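# Descriptive structure summary
Spelled out, the chains give:
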Amino acid sequence: MVILTVIEKGREKQYLVPHSLITVGRAADNVIEIKDAKSSRRHCEIRKTGETYHIRDLDSHNGTLVNGVAIHEAELNPGDRINIGLTTILFDVKPEIDEKQDEQTTLLGYYGTLRHRDNLQKLLEVSLAVTRQLDLKKLLETILDGAIEVTGAERGFIIIEEDEAMKVKVARNIRKEEIAKARQEISLSIIKEVRKKGVPVISDSAVDDKRFREAASVHGLNLRSIICIPLKARDEMLGLVYLDNRFESGAFADADLRILQAFCNHASTALENARLYERLRRQSERLAEVNRELEGTVAEQTRELAIVEKGAPAARPLKYDYGSIVGRSEPMLDVLRLLDRITDSLVPVLIQGDSGTGKELVARAIHFNGPLKKQKFVTENCAAVPDTLLESELFGYVKGSFTGADRDRKGLFEIADGGTLFLDEVADMSPEMQSKLLRAVDKGEIRPVGGKETRKVKVRIIAATNKDLKKRVEQNLFREDLYYRLNVVRVNLPPLRKRREDIPLLIDHFLTKTAKENKEGKRRIDRKCIALMTEYDWPGNVRELENEIRRLVALSRDTITPPLLSEAIREGGPHAGVPAADIDDVEHSGLKAVVQRAVAAVEKDAIEKMLAKSGGKKIETARRLGISRPTLDAKIEAYDIKLD
C-alpha cells in the first residue's frame with residue numbers, strides 16, 4: 001500500500017492509497033488531485049508492477065522530477081521525492097494487508113485499533129467545534145479538551161508564544177478541571193526541545209527516556225507518558241500542545257501522534273484566525289477611540305479656523321508642486337510663494353537658513369520646477385572640501401597640472417553646463433576661492449587648474465549658507481562684489497521653532513517614509529509625544545527631527561510613547577522654559593535685575609512663538625496672548641523681535 005505525502009503551498013496532506021494505478025494531476029478525476037498551476041491535467045502515473053512501483057510522466061508540459069532529476073519513466077523507492085512544479089510528493093510504502101479485507105478493515109490496519117477509528121470521528125467533531133470558535137480563550141479550551149478526548153490523555157496544557165516567551169494559557173485534566181500552578185506541572189526541558197526543533201516529541205516513559213536523562217524537571221515530576229506537539233501556521237511557531245499521563249507508561253501510541261498532529265494542524269489555523277480576529281477587534285476599538293478624539297479635535301480646530309479666517313486674506317493657490325517640502329505654516333507658505341515667482345527665471349539665488357532647515361530641498365525645487373529641469377542639477381558642499389581641492393573640484397584640471405593628474409578632468413561647472421550648480425555652505429570659502437568663483441559667476445568663464453585657456457560655461461548658480469552673509473561682508477570675511485552677484489534673490493528659510501504647526505506634518509511624513517524604507521507597518525505615535533515634540537525648539541531643525549523619528553521607530557514596536565523620546569525633548573530641552581539663573585550674575589547684579597531679565601526672556605520667547613503660530617498676524621497674536629495690540633507692538637519694539 002502506497003503512502004503519498006503531498007506538500008503544496010506550505011501545507012502537507014497524506015494519502016493512503018491501496019490502488020495499483022495512481023494518477024496525479026490537476027483534473028478532478030485523478031486519484032491524487034493537485035492545484036499546482038504548472039501541473040498538467042493528467043500529469044503522471046504511479047503503477048505497481050509485481051513488487052515494485054514505477055512512475056511515468058504522461059507527456060506533461062513542465063515535466064516530472066524524481067529526486068531532482070527529470071524523468072520519463074523511473075522506478076520508485078521509499079523516501080523518493082517527486083516534484084511537479086512547486087508541489088512536492090514524498091513516496092513511501094506500507095506493508096500490504098490481506099486483500100480479502102474490506103476498505104474499513106484496511107484503514108483499521110493502518111490506524112491500529114477500533115479505538116483509533118472512533119477517534120477519527122471524534123477528531124472530525126472537535127475540528128468542527130474549533131472552526132466555529134473565535135473567542136481566543138474558549139478556542140484554547142476547546143482545542144485542549146479535544147486533544148485530551150482524542151488521545152485519552154490524563155492532563156493537557158496549551159503553551160502560547162507571547163513576547164518571545166512561552167506562557168501556559170490553558171491547563172485542564174480529563175474531567176475539564178483547571179490545574180493550579182500549571183507551570184510547575186510541566187517539563188520545561190521537553191517544551192524547549194519541541195520549541196527549538198519544531199517537531200513533536202512522544203515518550204512512553206519520559207523518566208526512563210535517554211533524551212531527558214539530564215532534565216531535572218522530568219525526574220522531579222516523575223513523568224511517564226508524554227506527547228508534545230507544536231502549533232504552527234505558515235512556519236511560525238504559535239505555541240505547543242502538551243499532554244501527559246503521570247501514572248501509566250506507554251499510554252500513547254504512534255497512531256495517537258498522527259491523529260493529534262492532524263488535529264493540531266487544523267487547530268493552528270483556527271488559532272491564527274482567532275488571534276487575527278482579536279487583533280482586528282482591538283484595532284476596531286482603537287479606531288473608534290481615535291475617531292472620537294479626531295471628531296473633538298476637528299470641532300475645536302474648526303472653531304479656531306473660523307476665528308482666524310475672519311481677518312485672513314484669501315489663500316492663493318501655488319503655481320508649482322512642492323511635494324518634497326513638507327510644511328503648510330504661514331512662514332513656509334511665504335517661502336513657497338517666493339519660489340513660485342523666481343523659479344521661471346535664471347537669476348542667481350541665495351538660500352539662507354540654519355543647518356537642517358532643508359536648503360538643498362529648496363534648491364532642488366527651484367531647479368526641477370524651472371526651465372532647466374531637464375538639465376543637470378549638480379551639488380557641492382564647499383565646507384566639506386579643502387581649498388586645495390575645491391578649485392579643481394569646481395573648475396577641473398588638465399593632465400600634468402599636479403602629481404596624480406594623469407588625465408584631463410572636468411570640474412562641476414562644466415558638468416553642470418546648461419543646468420544648475422548648487423553651492424552649499426558658500427560662506428566658508430577662502431578669499432582666494434571667492435575671487436575665482438566671482439570670475440565664473442560674473443563672466444561665465446572658468447580656467448581649469450594648470451590650464452592656460454578659459455572656457456565658457458552657462459550655469460544657474462544657487463548658493464546656500466547657514467551664516468549671515470551680510471555680516472561676514474561687514475567683517476571683511478566675504479567679498480562684497482561676490483555677495484551681490486549671489487544675492488540677486490534671497491530665500492530665508494525659517495527654523496523649525498518658527499513654524500511649529502508644521503511639526504505634526506513632518507512627524508507623519510517621516511513615519512511614513514521610514515515605514516516604506518523598512519518595509520513594515522507605519523508606527524502610531526501618542527498624542528503626548530506630538531505635544532512634547534511640538535514644544536521642543538529643535539536646534540538641529542528638520543534634520544534633527546528626522547533623526548529622532550528614525551531613533552523612535554528603531555526603539556518602538558507598534559506605538560511611540562513619551563518614555564521613548566530623547567531626554568531633552570521629554571524635559572523641554574535647553575531652549576525651553578525659564579533660563580537657569582547664574583549665581584555669579586545674581587551676586588553681581590542682584591536678584592531683582594536677574595529676575596527682570598528672566599521675565600523678559602520668557603516674554604520674548606512667548607511672543608516669538610505665538611507670532612509664528614499666528615502666521616505673523618499681530619491682532620491674532622495679541623488675542624491669543626491676552627494683551628492689547630499696542631502692548632504687543634511696544635514689546636516687539638522693546639525686545640527687538642524681527643518680523644519675517
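Here is what the cut-offs are and how they apply
- Residues numbered from 1 in each chain as written.
- Predicted model: local features only at pLDDT ≥ 70, side-chain atom pairs only at ≥ 80, totals over all residues.
- Heavy atoms only, no water.
- Helix = DSSP H or I, 4+ residues; strand = E, 2+ residues; numbered from the N terminus.
- Buried < 20%, exposed > 50% of the residue type's maximum accessible area, 1.4 Å probe, protein only.
- Contact = heavy atoms within 4.5 Å.
- Areas by Shrake-Rupley, 256 points an atom, 1.4 Å probe, with all protein chains shown as cover.
- Pairing = 2+ DSSP bridges.
- Core = buried A, V, L, I, M, F, W, Y, C linked by side-chain atoms within 4.5 Å.
- Axes fitted to C-alpha atoms, helices over the stretch in contact; angles between N-to-C directions.
- Parallel < 35°, antiparallel > 145°, perpendicular 65-115°, else oblique.
- Left-handed = near helix turned anticlockwise from the far one by under 90°.
- Nonpolar A, V, L, I, M, F, W, Y, C, P; charged D, E, K, R; others polar.
- pLDDT = per-residue confidence, 0-100.
- Salt bridge = Lys/Arg side-chain N within 4 Å of Asp/Glu carboxyl O.

## Concerning the overall build of the protein chain
- Per the secondary structure count, the protein chain includes 21 helices and 27 strands.
- By the burial criterion, 42% of the 644 residues in the protein chain qualify as buried.
- Intrachain contacts of the protein chain at a sequence separation of at least 6 include 59% that bridge at least 24 residues.
- In the form shown here, the protein chain has an accessible surface area of approximately 36100 Å², with 50% of it arising from carbon and sulfur atoms.

## Points about the pairing of strand β3 (residues 21-25)
- Among the five residues in β3, four count as buried, and that is most of the element.
- Two elements, β3 and strand β5 (residues 44-49), share four bridges in a ladder whose sense is antiparallel. Residue pairing across strands places T23 opposite E45, the latter belonging to β5.
- Judged from the two bridges that link them, β3 and strand β4 (residues 32-33) form a sheet pairing that is parallel. Directly across from G25, in β4, lies its bridge partner E33.

## A few points about unusual backbone geometry
- Phi at E425 takes a positive value of approximately 55°, unusual for a residue other than glycine.
- In this structure, E425 sits in the loop between β21 (420-424) and α11 (431-443).
- E425 gets classed as buried once you look at its relative accessible area, which sits at 11%.
- Unlike most non-glycine residues, W538 shows phi in positive territory, near 50°.

## Regarding the nonpolar core
- Judged by nonpolar contacts, the single largest core of 31 residues is most densely connected at L394, F413, L421, M429, L437 and L486.
- Put simply, the parts of the chain that give this core at least two residues each are α9 (387-395), α10 (412-415), β21, α11, β24 (460-465), α12 (469-474) and α13 (480-486).
- Look past the residues within four positions of L437 in its chain and what remains in contact with it is F395, F413, L423, V426, M429 and L482.
- Formed by 26 residues, the second largest nonpolar core is a distinct cluster that contains L139, I227, L231 and A274.

## Details of the sheet that holds β4
- The strand order across the open sheet formed by five strands is β4-β3-β5-β6-β9, and the pairing between neighbours is mixed. Each edge of the sheet is formed by a strand with only one pairing partner; in this case those strands are β4 and β9 (73-76).
- For β5 and strand β6 (residues 52-57), the ladder comprises six bridges, and the chain directions are antiparallel. Across the sheet, the residue bridging to E45 is R56, located in β6.

## Quick notes on helix α8 (residues 359-369)
- All buried positions along α8 are accounted for by K359, V362, A363, A365, I366, H367 and N369.
- Its buried side turned inward, α8 meets α7 (330-342), β17 (349-352), β18 (377-381), β21, β24 and β25 (489-492).

## Some thoughts on the packing of helix α14 (residues 503-518) against helix α16 (residues 541-555)
- One can describe the packing of α14 onto α16 by two numbers: an axis separation of 9 Å at closest approach and a directional angle of 50°. The orientation of α14 with respect to α16, classified from their angle, is oblique. When the axes of α14 and α16 are compared, the crossing they make is right-handed. Contacts between α14 and α16 involve I503, L506, I507, F510, L511, K513, T514, E517 and N518 on the former and, on the latter, V542, L545, E546, I549, R550 and V553.
- Tallied by class, the residues present in the contact of α14 with α16 amount to nine nonpolar, two polar and four charged.

## Notes on the confidence of the model for the protein chain
- Per-residue confidence for the protein chain gives a mean pLDDT of 84; residues scoring 70 or more make up 87%.
- Within the model, pLDDT remains below 50 along residues 306-314, and this stretch shows six contacts once partners closer than five positions in the same chain are excluded.

## Notes on the sheet that holds strand β15 (residues 225-233)
- On the basis of which strands lie adjacent, the open sheet formed by five strands has the order β13-β12-β16-β15-β14 and antiparallel pairing. The open sheet is flanked by β13 (165-173) and β14 (201-203), the only strands paired with a single partner. Strand after strand, the sheet turns through a mean of 15° between neighbouring axes, direction not considered.
- Here strand β12 (residues 155-162) pairs with strand β16 (residues 236-245) via six bridges, running antiparallel. The residue bridging I158 from the neighbouring strand is V241, located in β16.
- Contacts between helix α3 (residues 136-151) and the sheet are confined to β12, β13 and β16, with β13 contributing the most and set at about 60° to the helix.

## Here's the deal with the side chain of E45
- Secondary-structure assignment places E45 in strand β5.
- With a relative accessible area of 9%, E45 lands in the buried category.
- Each residue touching E45, except ones within four places of it in the same chain, is listed here: L21, I22, T23, H54, I55, R56 and L58.

## Overview of the pattern of salt bridges
- Enumeration according to the criterion identifies 45 salt bridges in this entry.
- The salt bridge partner of D354 is R497, with a shortest N-O separation of 3.9 Å. Linking D354 in the loop between β17 and α8 with R497 in the loop between β25 and α14, this pair joins segments that are 143 residues apart in sequence.
- Judged by its relative accessible area of 30%, D354 falls in the partly exposed class.
- Residues K642 and D640 are paired through a salt bridge, measuring 3.3 Å at the closest nitrogen-oxygen approach. Here K642 and D640 have matching classes, each one exposed.
- Three or more residues joined by partner-sharing salt bridges are found here, namely K137, E141, D145, R172 and E178.

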